[in-house]
Amino acid sequence: MQSANILIIVTFLVSAVRAASGNSTTSVERPTIVSAVFKYDPNKAAAAVVGGLYLIASLCLFMRLFMNKAWWGLCLPIASTFMSVGFSMRIPMAMNPSSLPIFMVQQLLTLLPPAAYLAFNYIIYGRFIVNCVDRHYSWINPEKVVRYFVVSDITAFFVQGVGGGLEVSTKVTAEKPGANVLLTGLVIQTLSFGFFMVLVVHAWHGILRDGFQLRQEPWGPILWILMFSSSAYIIRCIYRVIEVAQGNGGYLVTHEIYFYLLDSQPLLIGICTYIIYWPTKYLEASAKPVTREMTGRY
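Parameters and conventions
- Residues numbered from 1 in each chain as written.
- Predicted model: local features only at pLDDT ≥ 70, side-chain atom pairs only at ≥ 80, totals over all residues.
- Heavy atoms only, no water.
- Helix = DSSP H or I, 4+ residues; strand = E, 2+ residues; numbered from the N terminus.
- Contact = heavy atoms within 4.5 Å.
- Areas by Shrake-Rupley, 256 points an atom, 1.4 Å probe, with all protein chains shown as cover.
- Expected span 1.5 Å × (residues − 1).
- Bend = angle between axes of the 7 residues up to and from the residue.
- Buried < 20%, exposed > 50% of the residue type's maximum accessible area, 1.4 Å probe, protein only.
- Polar contact = N/O pair within 3.5 Å; in protein donor to acceptor, adjacent residues only side chain to side chain.
- Phe/Tyr/Trp six-rings, centres within 6.5 Å; stacked < 30°, edge-to-face > 60°.
- Lys NZ or Arg CZ within 6 Å of the ring centre and 35° of its normal.
- Axes fitted to C-alpha atoms, helices over the stretch in contact; angles between N-to-C directions.
- Parallel < 35°, antiparallel > 145°, perpendicular 65-115°, else oblique.
- Left-handed = near helix turned anticlockwise from the far one by under 90°.
- Nonpolar A, V, L, I, M, F, W, Y, C, P; charged D, E, K, R; others polar.
- Patch = residues over 30% accessible without salt bridge, like charges linked within 9 Å, V, L, I, M, F, W, Y side chains within 5 Å.
- Salt bridge = Lys/Arg side-chain N within 4 Å of Asp/Glu carboxyl O.
- Core = buried A, V, L, I, M, F, W, Y, C linked by side-chain atoms within 4.5 Å.

A. Quick peek at the overall build of the protein chain. Each helix and strand counted, the protein chain has 13 helices and zero strands in total. Counting helices and strands in the order they occur from the N terminus, the protein chain gives α-α-α-α-α-α-α-α-α-α-α-α-α. Here the analysis covers contacts within the protein chain between residues at least 6 apart in sequence; of these, 77% occur between residues at least 24 apart. Of the accessible surface of the protein chain, which amounts to about 14200 Å², a share of 66% is contributed by carbon and sulfur atoms.

Here it is as structure tokens:
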């Protein structure tokens, strides 16, 4: 799994290098990396504000984690911290639009962390099913949910990386197939997370069918928290699909405001949910005595 992540990063690096080198020999003044990729000049004030908000969220999440000693959730505040750095890097990127190292750091630190946000939800779902209710409410073995969906996300990232490499290839004939491959990767990621949400809804329906009243159960808020944060994340996934489907000159990709409204904002709302409702106290509750015995094995 670690080698797959390295391969994804290398693929993105190759893609960026090709984009930076360009394929035009007739133009005297070559476009910068930023103008070629984003089609606009990044707003430094917006980057500073959003980077600051993610930093505050990271500090709050770290506080929650350490207070509850929930080390299994370390991926969330760490990923949020990287995201904060990524947005902050848009400031020097705007000042040095032709710097490949700055561009690469900014891209990697804003593209990769959301995968950890999704993984955090996968972890919560598995722990909820095992610790609070019963395995039969889940279509998939709860202990394997994280593994299955993380592998799916890594596959989607790999496909996106290959598509990005083809899209900026020096061969014109590879541009459209590259865009299609990139779009396929995004669709895979969106469908995968959409199926996860269906998994949560299925468990929710089964629990209600068996007569449980969520408001009366100490673990009841977990399902609401999962669905709320997941709904925020799926908005971002759908936005990315539409953005890429519109092409390089599409309306969404050429207007920075939508990047903040439909990409960074939903993600921020999703992770901030866990600042208010840290899941540990709900996961420690058990609906059935038999499931309490299983908590030590998960």
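So that's the structure; there's more coming.
B. Local environment of helix α11 (residues 256-276). With 21 residues, α11 ought to run about 30 Å at 1.5 Å a step, and its terminal C-alpha atoms sit 29 Å apart, in line with that. Its maximal kink placed at S264, α11 deviates by approximately 35°, while the proline P266 follows within four residues.

C. Broad picture of unusual backbone geometry. At K39, a position not held by glycine, the phi torsion is positive, near 65°. Note on placement: K39 falls in the loop between α2 (33-38) and α3 (44-68). Unlike most non-glycine residues, K69 shows phi in positive territory, near 55°. According to the relative accessible area criterion, K69 is exposed, its value standing at 62%.

D. Geometry of the side chain of S229. On the secondary structure map, S229 appears in helix α10 (residues 221-245). Of the polar contacts made by the side chain of S229, one reaches the backbone oxygen of L226; its length is 3.2 Å. Residues contacting S229, with those up to four places away along its chain left out, are N121, G270, T273 and Y274.

E. Region of interest: the packing of aromatic side chains. In the structure shown here, the tally under the stated rule is 25 aromatic pairs. Centroid distance Y122 to F196: 4.9 Å. Interplanar angle 75°. Geometry classified as edge-to-face. With Y122 in helix α7 (residues 113-132) and F196 in helix α9 (residues 175-209), this residue pair connects regions lying 74 residues apart in the sequence. F196 carries the same exposure label as Y122, and that label is buried. Through a chain of ring-to-ring contacts, the aromatic side chains of Y117, Y122, Y125, W139, F149, F193, F195, F196 and Y233 assemble into a single cluster. Taking NZ or CZ as reference, R90 lies 5.2 Å from the ring centre of F38, over its face.

F. Inspection of the packing of α3 against helix α4 (residues 75-88) at higher detail. Here α3 crosses α4 at 165°, and the two axes come no closer than 8 Å. Relative to α4, the element α3 lies roughly antiparallel. Between α3 and α4 lies a crossing whose hand is left-handed. The residues of α4 that touch α3, namely those facing A47, V50, G51, Y54, L55, A57, S58, L61, F62 and L65, are L76, P77, I78, S80, T81, M83, S84, F87 and S88. Each residue belonging to the contact of α3 with α4 can be placed in one class, and the counts come to 13 nonpolar, six polar and no charged.

G. Summary view of α3. Across its 25 residues, α3 extends 36 Å between first and last C-alpha, which sits within 8% of the 36 Å expected from 1.5 Å per residue. Those residues of α3 that fall on the buried side of the exposure criterion are A47, V50, G51, Y54, A57, S58, L61 and L65. Where the residues of α3 are buried, they touch α4, α5 (90-95), α7 and α11. N-capping of α3 is provided by N43, with a side-chain oxygen placed 2.9 Å from the backbone N of A45.

H. A look at the side chain of Q106. Mapping Q106 onto the fold places it in helix α6 (residues 100-111). Leaving out residues up to four positions away in the same chain, Q106 has contacts with F38, G86, M89, R90 and M93.

I. Structural detail: a nonpolar patch on the surface. The grouping of V49, L53 and I56 at the surface amounts to a nonpolar patch, some 270 Å² of accessible area in total. Here L53 lies in helix α3.

J. Local environment of the environment of I269. By secondary structure assignment, the location of I269 is in helix α11. Classification of I269 as partly exposed rests on a relative accessible area of 38%. With 36 residues separating them in the primary sequence, I269 and Y233 have C-alpha atoms 8.8 Å apart.

K. Examining the nonpolar core more closely. In this structure, F128 and Y274 are the most contacted members of the largest nonpolar core, which totals 70 residues. The leading source of residues in this core is α7, at eleven residues. Excluding residues within four positions of it along the chain, F128 makes contact with V133, I207, W219, I222, L223 and L283.

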